[in-house]
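Examining the three-dimensional arrangement
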Amino acid sequence: RLLDSINRPKKLINRAIELGLAGIAITDHEALCSHMEINMYQKEIQAEYPNFKIALGNEIYLVASRENGQRYFHFILIAKNKQGHSALKELSSRAWMNSYWDRGLERVPTLYNEVEEIMQKYPNSLIATTACLGGELSSNTLDLINAERIDDKKSAEIAHNNIVNFLLWGKKVFGDDFYIECAPACSRDQKVVNQRL
C-alpha cells in the first residue's frame, strides 16, 4: 500500500488542541484501524479537554463499478453517531472483501450503490465531503478549468455534466450532511480549484 501520511493520531489530536481548534476528524484512507486508539486517547484527555471533539471517519475510494483502469475518486465519510460508525464499518468491510489488484496496487473501492444502500439502512448517520484534488468534484473541476483554458468545449461539457451529476447524487444521498471541501494548499491546481468551487 502507498503511505499517504506519516501523521500519528495522538500527534494530530495534540496539535489540534495546541492550535486551539474545537475538534478534529481523523480519516484514514479506506481504513478504520486508528479508531480504537483514538477512542482510548479521547478518554485519556477528556478531563483536561472536555469540550474537544474527535470525529471518526474514512476516506473511501468511490466508484461506479469494480473494474481495472479507472479513476479511484476520494470521498470522505464522517460518523455523526454510533449508527454512523456502524455504517463506516459495513462499508469498509465490503470494500476489503471485494478488493482486487489494478496497476500494481490492491484496490478497495466502495460503489455508489453501496453508499446509497447503507445510507438507507443508517439514515442521517454520516457526514460526507467531496475530498481533495483526488475527489470526483475537484478532479472534474480541474478538468473543466483545463478544458476551458484551451477552448475544448466538448471536454468542458463532459466535466461540467460530471460535476452536476455528482453534486445531485451527493445531495440526494446525504441531504444537508453533504459538504464541498476546499482544501488549503499552495499548489496551483488546488488554488484554482478552490476558487472555482
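Everything below is about the structure printed above this text.
Residues numbered from 1 in each chain as written. Predicted model: local features only at pLDDT ≥ 70, side-chain atom pairs only at ≥ 80, totals over all residues. Heavy atoms only, no water.

1. Here we look at the nonpolar core
- Ranked by size, the top nonpolar core spans 27 residues in total, and within it Phe75, Leu77, Val115, Leu126, Trp169 and Phe174 carry the most contacts.
- For this core, the elements supplying multiple residues, two or more each, are β2 (53-63), β3 (73-79), α3 (82-97), α4 (112-121), β7 (126-129), α5 (136-149) and α6 (153-174).
- A per-element tally of this core places α6 first, with seven residues.
- The contact partners of leucine 126, leaving out residues within four places of it in the chain, are Leu77, Ile78, Ala79, Lys80, Gly84, Ala87, Leu88, Leu91, Met119, Phe174 and Asp177. (Core = buried A, V, L, I, M, F, W, Y, C linked by side-chain atoms within 4.5 Å. Buried < 20%, exposed > 50% of the residue type's maximum accessible area, 1.4 Å probe, protein only. Helix = DSSP H or I, 4+ residues; strand = E, 2+ residues; numbered from the N terminus. Contact = heavy atoms within 4.5 Å.)

2. Observations concerning the pattern of salt bridges
- Tallied over the entire structure, the rule returns 12 salt bridges.
- Between lysine 121 and glutamate 90 there is a salt bridge, with its nearest N and O atoms 2.9 Å apart. Of this pair, lysine 121 sits in helix α4 while glutamate 90 is found in helix α3, placing the two residues 31 residues apart along the sequence.
- Assessed through its relative accessible area of 47%, lysine 121 is described here as partly exposed. (Salt bridge = Lys/Arg side-chain N within 4 Å of Asp/Glu carboxyl O.)

3. Overview of the side chain of threonine 141
- Along the chain, threonine 141 turns up in helix α5.
- One polar contact links the side chain of threonine 141 to the main-chain carbonyl oxygen of leucine 137, over a distance of 2.7 Å.
- Residues within four places of threonine 141 in sequence aside, it is in contact with Ile163, Val193, Arg196 and Leu197. (Polar contact = N/O pair within 3.5 Å; in protein donor to acceptor, adjacent residues only side chain to side chain.)

4. Digging into the packing of α3 against α4
- The contact between α3 and α4 brings their axes to 10 Å, and the two run at 155°. With respect to α4, the element α3 is oriented roughly antiparallel. Our pair here, α3 against α4, has a crossing hand that is right-handed. Every residue of α4 that contacts α3 at Ala87, Glu90, Leu91 and Arg94 is listed here: Glu114, Val115, Glu117, Ile118 and Lys121. (Axes fitted to C-alpha atoms, helices over the stretch in contact; angles between N-to-C directions. Parallel < 35°, antiparallel > 145°, perpendicular 65-115°, else oblique. Left-handed = near helix turned anticlockwise from the far one by under 90°.)

5. Remarks on the packing of α5 against helix α7 (residues 188-196)
- One way to put it is that α5 packs onto α7 with a least axis distance of 9 Å and a crossing angle of 95°. Taken together, α5 and α7 sit at an angle that is classed as roughly perpendicular. Contact with α5, carried on its side by Ser138, Thr141, Leu142, Leu144, Ile145, Asn146, Glu148 and Arg149, involves Arg188, Asp189, Val192, Val193 and Arg196 of α7 and no other residues of that element.
- The class makeup of the residues in the contact of α5 with α7 is five nonpolar, three polar and five charged. (Nonpolar A, V, L, I, M, F, W, Y, C, P; charged D, E, K, R; others polar.)

6. A closer look at the packing of aromatic side chains
- Within the structure shown, the criterion is met by seven aromatic pairs.
- Ring geometry for phenylalanine 75 versus phenylalanine 174: centroids 5.9 Å apart, planes at 45°, classification tilted. Residue phenylalanine 75 is located in strand β3, and its partner phenylalanine 174 is located in helix α6; the two are separated by 99 residues in the primary sequence. In this structure, phenylalanine 75 and phenylalanine 174 share a single accessibility class: buried.
- Members of the aromatic cluster, connected to one another through ring pairs, are Phe75, Tyr112, Phe166, Trp169, Phe174 and Phe178. (Phe/Tyr/Trp six-rings, centres within 6.5 Å; stacked < 30°, edge-to-face > 60°.)

Treat this as a map of the structure, not an account of what it does.
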